[in-house]
Amino acid sequence: MSCALSHALYGKDKVRVFRVVREGGFHNVVEYNVRALMEGDIETSYTQADNSVVMFTRLTTTYTVKNITYFLAKVSPHVLNPERFALHLGTFLVSKYKHIHKAFVDIEMLKWSRIPVSEGSDVKPHPFSFVRDGEEKRIVSVEVDASNGKDKITGLVKAGIKDLLVLKSSGSAFTNFWRDEYTTLVEVDDRIFSTSVDLEYTYAPFSIASPTDEKKLEFVVPGVVKGGVWDSDGVFERARNVTLQVFATDDSASVQATLYKMEQQIIAENDGVDHVKYTLPNKHYVPVDMSYIGIGNTKPTEAEVFIPLAAPSGLISATASRTK
Ligand SMILES: O=c1[nH]c(=O)c2[nH]c(=O)[nH]c2[nH]1
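Residues numbered from 1 in each chain as written. Predicted model: local features only at pLDDT ≥ 70, side-chain atom pairs only at ≥ 80, totals over all residues. Heavy atoms only, no water.

Moving on to the domain arrangement of the protein. Here the protein is partitioned into domain 1 (1–120 + 127–152) and domain 2 (163–204 + 217–323). The distance between the C-alpha centroids of domain 1 and domain 2 comes to 30 Å. In this complex, domain 1 contributes 17 residues to the contact, which on the side of domain 2 involves 13 residues. Roughly 1,500 Å² of surface becomes buried between domain 1 and domain 2 when both sides are summed, with 57% attributable to carbon and sulfur atoms. (Domains from an automatic or database assignment. Contact = heavy atoms within 4.5 Å. Buried area = accessible area lost by both parts, 1.4 Å probe.)

Written as structure tokens, this is what we have:
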């Protein structure tokens, strides 16, 4: 038997970090779960238990990666924007360490929304009080690649939404599907449609100018173009809005058809986005058969009481890509 190491990756996962940015009495806050993994000349740590032999290939500890994450959370001007913060962390790792050629940084941003408070007849967002209004997360996944040289760094950013739970109690049908001896599903022209949105959009790859500040190792933002990666807050808002608007207003023929409408609109509204992928569980709500008590509850027109099925669910996924 012989074998060789074909790929290696290491770093820190589940680094939890919360940052408050104070502008006088007005505060902005973010809470992130960060994963930062690295690729490079690290083989000997696996194959020869070598943590420290050669200066340039010394193994940076995963503890160090965690500490760098906290350091950047304190000093990075990008900390409030998860795409830029992830790019900063990735750029830092590949620039600081000679033997690290690629960094993969994933961030989950938890939802903290300002609490609306009454002031006389007005309702205003509170300057420093927040509510966790849902388990929805903004997600970011970046790859920072310096394998062609520390002065030729490139970035690839994927971002999106996870765990955004939606439901509509009408405006969804599923008919005319293929039937064979295994088909038991009845056609419905009005049903409940519920899903937990998992959305990922991919920006066109771009180059990252080498950091100039030796301590912060921060990249330079070349300029914000609407719909591009440096407009990631705008893209996120538009993508979330498209998701909710299309879901609510589409007269849905199927999960598949509604999903594709969302993807087309996100690509149309954001010039810098090349691919959009949704993965949508079809969370079934089954009308309760109440014939045992002589009450009709199964036909679409009379169905009012449903069993939310925990499992199984359908799972519908597709990617749309820009063609020009
Ligand atoms: O919108 C749907 N798409 C399907 O592919 C499917 N399959 C199924 O059983 N129900 C549904 N609904």
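Text resumes after the structure shown.
That bond from A311 to P312 is cis: its omega, -5°, falls within 30 degrees of zero. Within the element layout of this structure, P312 appears in the loop between β12 (306–308) and β13 (314–321). In this structure, K14 takes a positive phi of about 60° despite not being glycine. Position of K14 relative to the elements: it lies in strand β1 (residues 10–23). Residues other than glycine seldom take positive phi values, yet N176 does so here, at roughly 60°. For N176, the location among the structural elements is in the loop between β7 (153–168) and β8 (193–203). What makes N176 exposed here is its relative accessible area of 69%. (Helix = DSSP H or I, 4+ residues; strand = E, 2+ residues; numbered from the N terminus. Buried < 20%, exposed > 50% of the residue type's maximum accessible area, 1.4 Å probe, protein only.)

Core analysis: the largest hydrophobic core is formed by 67 residues, its most contacted members being L87, L199, Y201 and Y278. Two domains share this core, each providing at least three of its residues, namely domain 1 (1–120 + 127–152) and domain 2 (163–204 + 217–323). Not counting chain neighbours up to four residues away, the residues in contact with L87 comprise V142, V144, V157, F206, I208, F219 and W230. (Core = buried A, V, L, I, M, F, W, Y, C linked by side-chain atoms within 4.5 Å.)

A few words on the packing of helix α4 (residues 232–249) against helix α5 (residues 255–269). Packing of α4 against α5 brings their axes to within 9 Å, and their N-to-C directions diverge by 145°. Handedness of the α4/α5 crossing: right-handed. Of the residues in α5, those touching α4 at R238, A239, V242, T243, V246 and F247 are T258, K261, M262, Q265, I266 and E269. Here the contact of α4 with α5 is composed, by residue class, of six nonpolar, three polar and three charged. (Axes fitted to C-alpha atoms, helices over the stretch in contact; angles between N-to-C directions. Left-handed = near helix turned anticlockwise from the far one by under 90°. Nonpolar A, V, L, I, M, F, W, Y, C, P; charged D, E, K, R; others polar.)

Let's shift gears to the pairing of strand β2 (residues 26–40). In terms of residue burial, β2 counts as a mostly covered element, since twelve of its 15 residues are buried. Bridge analysis of β1 against β2 gives twelve bridges, and the strand direction is antiparallel. When the bridges of β2 are listed, R22 appears paired with H27. Hairpin connection, β1 to β2: the antiparallel pair is bridged by two residues, and G24 has positive phi, about 65°. Bridge count for β2 against strand β3 (residues 100–109) is nine bridges, and the pairing is antiparallel. (Pairing = 2+ DSSP bridges.)

Another aspect to go through is α5. Helix length check: α5, at 15 residues, gives a terminal C-alpha distance of 21 Å against a target of 21 Å (1.5 Å per residue), a fit within 8%. Within α5, burial applies to V255, T258, L259, M262, E263, I266 and I267. Looking at the buried side of α5, the elements it contacts are β8, α4, β10 (273–282) and β13. (Expected span 1.5 Å × (residues − 1).)

Moving on: the layout of surface pockets. What the largest pocket holds in volume is close to 720 Å³. Lining the largest pocket are 27 residues, with L185, V188, R191, Y285 and P287 sitting closest to its centre. Among the secondary structure elements, those contributing two or more residues to the lining of the largest pocket are α5, β11 (285–287) and β13. For the lining of the largest pocket, a count of residues per class yields 14 nonpolar, eight polar and five charged. Approximately 490 Å³ is the volume attributed to the second largest pocket. Taken together, the residues of the lining of the second largest pocket break down into eight nonpolar, two polar and nine charged. When residues are assigned to domains, the lining of the second largest pocket turns out to be shared by domain 1 (1–120 + 127–152) and domain 2 (163–204 + 217–323), each giving three or more. (1 Å grid on protein atoms, 1.4 Å probe; cavity = no way out; pocket = protein on both sides within 12 Å on 5 of 7 lines; lining within 4 Å. Points joined across faces, edges and corners; volume = space filled by probe spheres on them.)

Our focus in this paragraph is the pattern of salt bridges. When charged atoms on two side chains of opposite charge get close, those side chains can pair. One pass over the structure, following the stated rule, counts 16 salt bridges. We note a salt bridge from R35 to D13, for which the minimum N-O separation is 3.1 Å. Placement of the pair is R35 in strand β2 and D13 in strand β1, with a sequence separation of 22 residues. One network of salt bridges, with partners in common, ties together D13, K14 and R35. (Salt bridge = Lys/Arg side-chain N within 4 Å of Asp/Glu carboxyl O.)

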